[in-house]
Amino acid sequence: MIASSPDSTRNVFSILRNGIIAVWVLGMVIPLNVRADASNHAHPAIFQQDKPTVDGKQVTPLATLITEVLQNNPEIQAAQREREAAQRRISPAEALDDPVLEAGVINAPLASSPFNREDMTMKMIGLSQRFPFPGKRGLRKEVASKDAEAIDYGYQETVNRVVRDLKVAYFDLGLTLEMTKLVEKNKLILEDLTHLAVDHYRVGMGTQADAFKAQTQVSRMQDELLKLARERPVIEAELIRTLGHSAYAGELIPESLHIHQASLKLESLRERAMTQRPQLLALQSLATRNKKAVELAQKAYYPDFDVRLAYGQRDRMLDNTSRPDMVSLTVAINLPVWRTSKIEPRIAESQALHYQALDLHQAQSNEIAAKLRQQVATAEQNFKSVQLYQTTILPQARLTVESALAAYRVNQVDFLTLLDSQMTVSNYEISLVTAIANYNKALAEIDLLTGKTPDELAHHH
């Protein structure tokens, strides 16, 4: 507590003034740097510890969580199983139908000992095989291959989407922790200002209302802390879900928020998205698959061939006359006569699916281009905001607090001016870390839109 004597009041002013100046100085070295390094164009945090800890707690790097999510996320695992299954369907697609083995007796008379009474009676064993019309098997394999290719791109899309979800939750959690620290810091400053206002009131230099106003802001800060405390487990639950767990051992502490400047040339990003986004590549594969399906359906106009080879064994006649065994070879074809009711509708179906894939590809291309433009604009605006807050707005606001404090000490400005100046700094600090988090989340969206894989991201960082 601060004493109420004039000498104590002056000491409090001196201590508080020095404290706020120290806060201003420390504020300049919080891990929120936006000045680009000329050699690597990165924006590392100004204040980075040698060991991965924050406030003495072990930090979990984003790269570690990405590795974990690739191993444990059930969505990714399910997509992997689907990809494996699709690959297994390629070989059976071009395989021949099973051959048919038959055995029996033909031309047997209805009498006892039938095998030696009629000349045409024989015991027969045969083997038949269906051969599709030339070209059908190759088309079936191509259809299955393009199916597997589309599913493989779908797997890559799933990986990228889950990693995006992880990064967004990670940055949201980091933002919540940064805001909590800022609110706690500013709450302590406001408590000191409350004590200062009380001391001024006791020596007749202020009003009781000043202390009430400061206490109201302290209470508002406490309410903000409660709100952040409610939000944190919600974000942690989403992060844990994305990691593929129902619970997580230990505490998840993200790295301090900082900025890595990325190239945000819209045209080059759009070109990459159109050529590298797995979602679009999957639709291209589906369009090609359905085009091959049209060709396969058109092959139904041509018949398949059933080749049958049979061997007939004949016993001796009643008079012991020998009879030679017999061999039969036949070829049968199906007659594709149901064109209107069977073949043509299947061709039309495959054509419709082919054009549907093309239309979906165009629709998704348009949507990706629009989202890319939005996310690039969001990232650029937040980056500019970070620069402005860090280099201009916050230093000026902190100098304003210093000036207001010095003036209030000699009773030249009212307490509300000092209080408002300090709340302005607090709001700007919150806006700064929010802009950094939003910038990083926009980059995560851009990575998804342009099809960057986790391996590319790890190499880039």
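Residues numbered from 1 in each chain as written. Predicted model: local features only at pLDDT ≥ 70, side-chain atom pairs only at ≥ 80, totals over all residues. Heavy atoms only, no water.

## Overview of the overall build of the protein
- Within the protein one finds 11 helices and 6 strands.
- For the protein, with 461 residues in total, the buried portion stands at 39%.
- If you take every contact in the protein between residues at least 6 apart in sequence, the share linking residues at least 24 apart comes to 82%. (Helix = DSSP H or I, 4+ residues; strand = E, 2+ residues; numbered from the N terminus. Buried < 20%, exposed > 50% of the residue type's maximum accessible area, 1.4 Å probe, protein only. Contact = heavy atoms within 4.5 Å.)

## Quick notes on the nonpolar core
- Ranked by internal contacts, the top residues of the largest apolar core, which has 72 residues, are L166, F415 and I446.
- Secondary-structure elements contributing two or more residues to this core are α2 (62-72), α3 (74-88), α5 (136-202), α6 (208-243), α7 (266-276), α9 (339-409) and α10 (415-449).
- A86, I90, A144 and A148 belong to the second-largest nonpolar core, a separate cluster that totals 5 residues. (Core = buried A, V, L, I, M, F, W, Y, C linked by side-chain atoms within 4.5 Å.)

## Let's talk about the packing of α5 against α10
- It is the contact of α5 with α10, at a shortest axis distance of 9 Å, that shows an interaxial angle of 170°. Taken together, the axes of α5 and α10 lie roughly antiparallel to each other.
- Looking at the contact of α5 with α10 residue by residue, the classes come out as 19 nonpolar, 6 polar and 11 charged. (Axes fitted to C-alpha atoms, helices over the stretch in contact; angles between N-to-C directions. Parallel < 35°, antiparallel > 145°, perpendicular 65-115°, else oblique. Nonpolar A, V, L, I, M, F, W, Y, C, P; charged D, E, K, R; others polar.)

## Some words on the sheet that holds strand β5 (residues 305-313)
- What the 4 strands build is an open sheet, ordered β3-β4-β5-β6; its pairing is antiparallel. Only two strands of the sheet have a single neighbouring strand rather than two, namely β3 (100-106) and β6 (326-333). For this sheet, the mean inter-axis angle between neighbouring strands, taken without regard to orientation, is 20°.
- Across 8 bridges, β5 lies against β6 in antiparallel orientation. (Pairing = 2+ DSSP bridges.)

## Concerning a nonpolar patch on the surface
- A cluster of nonpolar side chains, contributed by L101, I125, L127, L309, Y311, V327 and L329, occupies part of the molecular surface with about 730 Å² of accessible area.
- For the nonpolar patch, the secondary structure elements donating two or more residues are β4 (122-131), β5 and β6.
- When you line up the elements, L309 lands in strand β5.
- For L309, a relative accessible area of 47% puts it in the partly exposed group. (Patch = residues over 30% accessible without salt bridge, like charges linked within 9 Å, V, L, I, M, F, W, Y side chains within 5 Å. Areas by Shrake-Rupley, 256 points an atom, 1.4 Å probe, with all protein chains shown as cover. Salt bridge = Lys/Arg side-chain N within 4 Å of Asp/Glu carboxyl O.)

## Focus on the environment of I347
- Among the secondary structure elements, I347 is positioned in helix α9.
- Spatially, the C-alpha atoms of I347 and L296 are 8.5 Å apart, while their sequence positions differ by 51 residues.
- Excluding residues that lie within four positions of it along the chain, I347 makes contacts with V294, A297, Q298 and Y301.

## Brief notes about the pattern of salt bridges
- Tallied over the entire structure, the rule returns 24 salt bridges.
- As a salt-bridge pair, R232 and E251 come within 2.7 Å of each other at their nearest N and O atoms. In this pair, R232 is assigned in helix α6 and E251 in the loop between α6 and α7, connecting sequence segments 19 residues apart.
- The structure contains a network of salt bridges with shared partners spanning R164, D165 and E445.

## A short note on unusual backbone geometry
- Of note, the phi angle at N411 is positive, near 65°, even though the residue is not glycine.
- Tracing the chain through its elements places N411 in the loop between α9 and α10.
- Exposure remark for N411: the relative accessible area of 42% places this residue in the partly exposed category.

## Some points on the packing of α2 against α5
- Taken N-terminus to C-terminus, the directions of α2 and α5 make an angle of 140°; their axes are 10 Å apart at the nearest point. Put simply, α2 runs oblique to α5. The handedness of the crossing between α2 and α5 comes out as right-handed. In contact with L62, L65, I66, V69 and L70 of α2, α5 contributes V159, V162, V163, L166, K167, Y170 and F171.
- Its residues placed into classes, the contact of α2 with α5 shows 11 nonpolar, no polar and 1 charged. (Left-handed = near helix turned anticlockwise from the far one by under 90°.)

## Some thoughts on the packing of aromatic side chains
- What the rule picks out here adds up to 6 aromatic pairs.
- Ring centres 5.6 Å apart and planes at 40° place the aromatic pair F383 and Y439 in the tilted group. Highlighted residues: F383 in helix α9 and Y439 in helix α10, separated in sequence by 56 residues.
- Judged by its relative accessible area of 10%, F383 falls in the buried class.
- With a centroid separation of 5.8 Å and 45° between ring planes, the pair formed by Y389 and Y428 is classed as tilted. Of this pair, Y389 sits in helix α9 while Y428 sits in helix α10, and the two are 39 residues apart along the sequence. (Phe/Tyr/Trp six-rings, centres within 6.5 Å; stacked < 30°, edge-to-face > 60°.)

## With respect to α3
- Compared with an ideal rise of 1.5 Å per residue, which puts 15 residues at 21 Å, α3 spans 21 Å between its outermost C-alpha atoms and is within 8% of the ideal.
- Of the residues making up α3, those classed as buried are I76, A79, Q80 and A86. The arc that holds every buried residue of α3, seen down its axis, measures 125°, which confines them to one face. In α3, the exposed residues that point more than 90 degrees away from the buried face are R81 and R88.
- Elements in contact with the buried residues of α3: α2, α4 (90-94) and α5. (Expected span 1.5 Å × (residues − 1). Arc of directions from axis to C-beta.)

## Focus on α10
- With 35 residues, α10 ought to run about 51 Å at 1.5 Å a step, and its terminal C-alpha atoms sit 51 Å apart, in line with that.
- Most of α10 sits inside the fold, with 25 of its 35 residues counted as buried.

## Comments concerning the environment of S256
- Topologically, S256 is positioned in the loop between α6 and α7.
- With relative accessibility at 21%, the residue S256 sits in the partly exposed group.
- In the structure, S256 is positioned 81 residues away from L175 in sequence and 8.8 Å away in space, judged by C-alpha atoms.

## Regarding the confidence of the model for the protein
- Mean pLDDT for the protein: 85, with 85% of residues reaching 70 or above.
- Confidence over residues 1-51 falls short of pLDDT 50; this stretch has 95 contacts with residues more than four positions distant or in other chains. (pLDDT = per-residue confidence, 0-100.)

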